[in-house]
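Architecture at a glance
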Amino acid sequence: MVFWVFGYGSLVWNPGFDYDEKVIGFIKDYKRVFDVACIDHRGTPEHPARTCTLEESEGAICWGAAFCVRGGPEKERLAMEYLERRECEYDRKSLVDFYKEGITSAPAVTGVIVFTSTPDKVSNKYYLGPAPLEDMASQIATAVGPCGNNRDYLFLLEKAMFDIGHEDDMVIELANEVRKVLGMVGTVKEKKLVGLPHILPAHISAIQLHVLPEAITLDS
């Protein structure tokens, strides 16, 4: 038996489990949105972080990475247990078709697992819903949890999408808004750049770089 799981957030750069194959590609009719609260990794119950989930959107595509786990029931069980603990804020597991780059006529893999969040504040306590860009940026710029700060999550996702050659306009827009917030609040004492690529995407000019405080060890 073999299973595949699609990563579109921190799984892209930090899968954290034993897998046998990683393939860059996309799924159809979904888009990223930062509508889910994280209260145990990048935020707290009092000040939740915003992390991404997928929202159904006809005609959209979402790039990311599909991970294959094969090698027997025990290996698969351990991987799934890890994923379910890690993705505890996501209350749905759906099966989707996964497409490889350059091959859009037919899926490369069917029945790929993707963790998503029910967009309902009543039935899903982790669902924050949409908010104005400025409000999301302010929340992301200031939220911190046991595994690091929220802004690093966003900046690392921005870098990961750049690294695989498929930047997400929404992620870029939100990341740049967070940089604006970080440039307006607080006095920075540490001299370290956090959450920014060594080779910067073209849309990030030198003037957008801000020195940020030391980050807590990452484990998103």
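On a predicted model such as this, the values are computed, not experimentally measured, just so you know.

What about the pattern of salt bridges?
- Within the structure shown, the criterion is met by 13 salt bridges.
- Across the salt bridge formed by Arg70 and Glu21, the nearest N and O atoms sit 3.3 Å from each other. Of this pair, Arg70 sits in strand E3 (residues 49–70) while Glu21 sits in strand E2 (residues 21–38), placing them 49 residues apart in sequence.
- Overall, Glu21 belongs to the partly exposed group, its relative accessible area being 28%.
- A salt bridge links Arg32 to Asp168; its shortest N-O distance comes to 2.8 Å. Placement of Arg32 in strand E2 and of Asp168 in the loop between helix H3 (150–163) and helix H4 (169–184) is noted, with a sequence separation of 136 residues between them.

Here we look at the packing of aromatic side chains
- For the structure shown, the criterion picks out 10 aromatic pairs.
- Between Phe6 and Tyr8 the ring centres are 6.4 Å apart and the planes differ by 25 degrees, which places this aromatic pair in the stacked class.
- Here Tyr8 falls in the buried class, since its relative accessible area comes to 5%.
- Ring geometry for Phe17 against Phe67: centres 5.7 Å apart, planes inclined by 70 degrees, an arrangement best described as edge-to-face. Separated by 50 residues along the polypeptide, Phe17 in the loop between strand E1 (2–7) and E2 and Phe67 in strand E3 bring together distant segments of the chain.
- Of the aromatic side chains, those joined through ring pairs into one cluster are Phe17, Tyr19, Phe67 and Tyr82.
- Sitting over the ring of Tyr99, Lys28 keeps its end group 4.2 Å from the ring centre.

Details of empty space enclosed by the protein
- Within the structure shown, the criterion is met by 2 cavities of 30 Å³ or more.
- In terms of lining residues, the largest cavity is bounded by 18 residues, among which Ser10, Arg86, Glu87, Tyr90 and Tyr153 are the most central.
- For the lining of the largest cavity, the secondary structure elements donating two or more residues are E1 and E3.
- The class makeup of the residues in the lining of the largest cavity is 8 nonpolar, 6 polar and 4 charged.

A short note on the environment of Gly7
- Along the chain, Gly7 falls in strand E1.
- Between the alpha carbons of Gly7 and Phe26 there is a distance of 9.7 Å; along the sequence they are 19 residues apart.
- Residues within four places of Gly7 in sequence aside, it is in contact with Val12, Gly64 and Ala65.

Regarding the confidence of the model for the protein chain
- Looking at the protein chain as a whole, the pLDDT averages 86, with 83% of positions reaching at least 70.
- Of the regions scoring below 50 in pLDDT, residues 185–200 engages in 27 contacts with residues more than four places distant in sequence or in other chains.
- Contacts for the low-pLDDT stretch residues 205–220, under 50 throughout, to residues beyond four places or in other chains number 51 contacts.

What to know about unusual backbone geometry
- You will see that Asp29, though not glycine, has its phi angle at about 65 degrees, which is positive.
- Since its relative accessible area comes to 37%, Asp29 is described here as partly exposed.

A short note on helix H1 (residues 73–86)
- With 14 residues, H1 should cover 20 Å at 1.5 Å per step; its first-to-last C-alpha distance of 20 Å lies within 8% of that length.
- Taken residue by residue, H1 has Glu76, Ala79, Met80, Tyr82, Leu83 and Arg86 as its buried positions. All buried residues of H1 fall inside an arc of 160 degrees around its axis, so they share one side. The exposed residues of H1 that point more than 90 degrees off its buried face are Pro73 and Arg85.
- Check the buried side of H1 and you find it contacts E1, E3, strand E4 (92–100) and strand E5 (109–116).

About the cut-offs
The residue numbering used here restarts from 1 in each chain and proceeds along that chain's sequence as written. Selection of residues for local features in this predicted model requires a pLDDT of at least 70, selection of side-chain atom pairs for listing and counting requires 80 or more, and totals for whole chains, interfaces and linings are taken over all residues. Note: side-chain values were computed over all heavy atoms of the structure, leaving out hydrogens and water. Every case where a carboxyl oxygen of Asp or Glu lies within 4 Å of a side-chain nitrogen of Lys or Arg is listed as a salt bridge. Numbered from the N terminus, helices here are DSSP runs of H or I no shorter than four residues, and strands are runs of E no shorter than two. Burial status follows relative accessibility: with a 1.4 Å probe on protein chains alone, a residue under 20% of its type maximum counts as buried, one over 50% as exposed, and anything between as partly exposed. Within 6.5 Å between ring centres, the rings of Phe, Tyr and Trp (the latter by its six-membered ring) count as paired, and their orientation is classed by plane angle as stacked under 30 degrees, edge-to-face over 60, tilted in between. By definition, being over a ring means that NZ of Lys or CZ of Arg is both within 6 Å of the ring centre and within 35 degrees of the ring normal. Points on a 1 Å grid over protein atoms alone make up a cavity when a 1.4 Å probe fits among them but cannot get out, and a pocket when they form an open set with protein on both sides within 12 Å along at least five of seven lines; lining residues each have an atom within 4 Å of a point. Grid points are joined across faces, edges and corners, and a volume is the space filled by probe spheres set on the points. Classification convention: Asp, Glu, Lys, Arg as charged; Ala, Val, Leu, Ile, Met, Phe, Trp, Tyr, Cys, Pro as nonpolar; all other residues, Gly among them, as polar. When checking whether two residues touch, look at their non-hydrogen atoms; a contact exists if any pair is within 4.5 Å. Confidence per residue, as judged by the predictor, is encoded in pLDDT with a range of 0 to 100. A helix is expected to span 1.5 Å for every residue after the first. It is the directions from the helix axis to the C-beta atoms that the arc portrays.

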